[in-house]
Each structure stands twice: as structure tokens, then as C-alpha cells.
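# Coordinates in review
If you want the building blocks of each chain, they are given just below.
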Amino acid sequence: MSRAIPPVKIRLLSVGTRQPSWVKEGYDTYAKRMPRETTLVLDEIPAPARKGSDRARWIHDEGVALLQRIKPGERVIALDEIGRQLATADLAEEMSRWRDDGRDVVLVVGGADGLSDECRQRADWLWSLSAGTLPHGLVRIVVAEQLYRAWTVLTGHPYHRA
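Since the model is a prediction, treat every value here as computed from it, not as a measurement.

Counting 27 residues, the largest nonpolar core has Leu40, Trp98, Leu107, Trp127 and Leu147 as its most contacted members. Residue assignment for this core shows that the elements contributing at least two residues are β1 (8-15), α1 (21-31), β3 (75-84), α3 (88-101), β4 (105-109), β5 (125-127) and α5 (136-155). Looking at this core, the element that brings in the most residues is α5, giving 7 residues. Once residues lying within four places of it in the same chain are set aside, the contact partners of Leu107 are Ile10, Arg11, Leu12, Leu13, Ile77, Leu79, Trp98, Trp127, Val143 and Leu147. By size, the runner-up hydrophobic cluster in this structure holds 13 residues, among which are Leu13, Val15, Ile70 and Leu115.

On to the environment of Arg57, then. Position of Arg57 among the secondary structure elements: in helix α2 (residues 55-69). Of the residues examined, Arg57 reaches a relative accessible area of 42% and is grouped as partly exposed. Put simply, Arg57 and Ser116 are 59 residues apart on the chain and 9.7 Å apart in space, counted from C-alpha to C-alpha.

Right, let's get into the pairing of strand β2 (residues 38-45). Bridging between β1 and β2 involves 8 bridges; their strand directions are parallel. Note on β2: the bridge partner recorded for Leu12 is Leu42. With respect to chirality, the unit in which β1 leads through α1 into the neighbouring parallel β2 is right-handed.

About the criteria used
- Residues numbered from 1 in each chain as written.
- Predicted model: local features only at pLDDT ≥ 70, side-chain atom pairs only at ≥ 80, totals over all residues.
- Heavy atoms only, no water.
- Core = buried A, V, L, I, M, F, W, Y, C linked by side-chain atoms within 4.5 Å.
- Buried < 20%, exposed > 50% of the residue type's maximum accessible area, 1.4 Å probe, protein only.
- Helix = DSSP H or I, 4+ residues; strand = E, 2+ residues; numbered from the N terminus.
- Contact = heavy atoms within 4.5 Å.
- Pairing = 2+ DSSP bridges.
- Right-handed = clockwise from strand over helix to strand, strands pointing away.

Here is the structure:
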């Protein structure tokens, strides 16, 4: 008899609403594979207007907009270059903790200039996908694929080959 898997909703909160069609297709490919008890939903916010050349102001404004969309009680994980890099097995363990914790999860992706310090401080932890810099559209696809892969590890699905 298999154990019931507690449901968890994972929301990818990302700056930017205009991505190429290949980004949407790639993201949807993996998001749709997630099971009913572990949903993955994309929540986009428009990039604030970039007036002048005040990069610090742009990052701040995006941070304020992101923080306003975080719901009370959500586990917050910020995707950031200074975060922890996780092997697939480690991400699967994290997902298991998310499910056991019972809180919904929000993964926060900043704009082209990165996350504000306030977003980093609000996060429960920081996750780095790579030591290299990835385009934001590709981040969406990689996150969706990695979450799907971690889920397959947890369920014994043959997708991941360790």
C-alpha cells in the first residue's frame, strides 16, 4: 500500500511577461507533467518601467512588486546566483520537506538586474541553478524540469537516471 502524498502548490513568481514562445512551450512541457498533488504554476509580474539609468531603483521597484505578491505563510525560495546549488537528490529531499511541511512554496525570480536585498532577506533560502548566468526565460524551463525530475526521484519514476 503506497503512502498518500500530501499536496503542495509551487508557484514560480517571475519578473517579465514577454517571453518567446519557446520559453512558454518548454516551461509548459514540464509544468504539465507535474502531478495533481504537486502543482507548478507560473505567476508573472510586469517589469516596472525603467526610467533613467538608476539600476538600484529598478531592482528596488521589482523587489517591492515581488514581495507584494508573496502570500502569508508561503515558503519563499529565491533563485539567486549566490544561493545553494543542489544535486537532483538534494532537490528531491527539499521537495519532500515541502510536502511534509504543508505550506505552499513560492520560487522568486527577479528581473534582468537580479533580486533586491529585501527579496533575499524574505527568502527562507536561496537556490542557485548554476554558477553561470542564465537568461530568465531559460530559468523558467530549467526550474520546471528540475522540479519534475526531483518529483520523479521521490516517486520512483524512471525519468531520472542516477
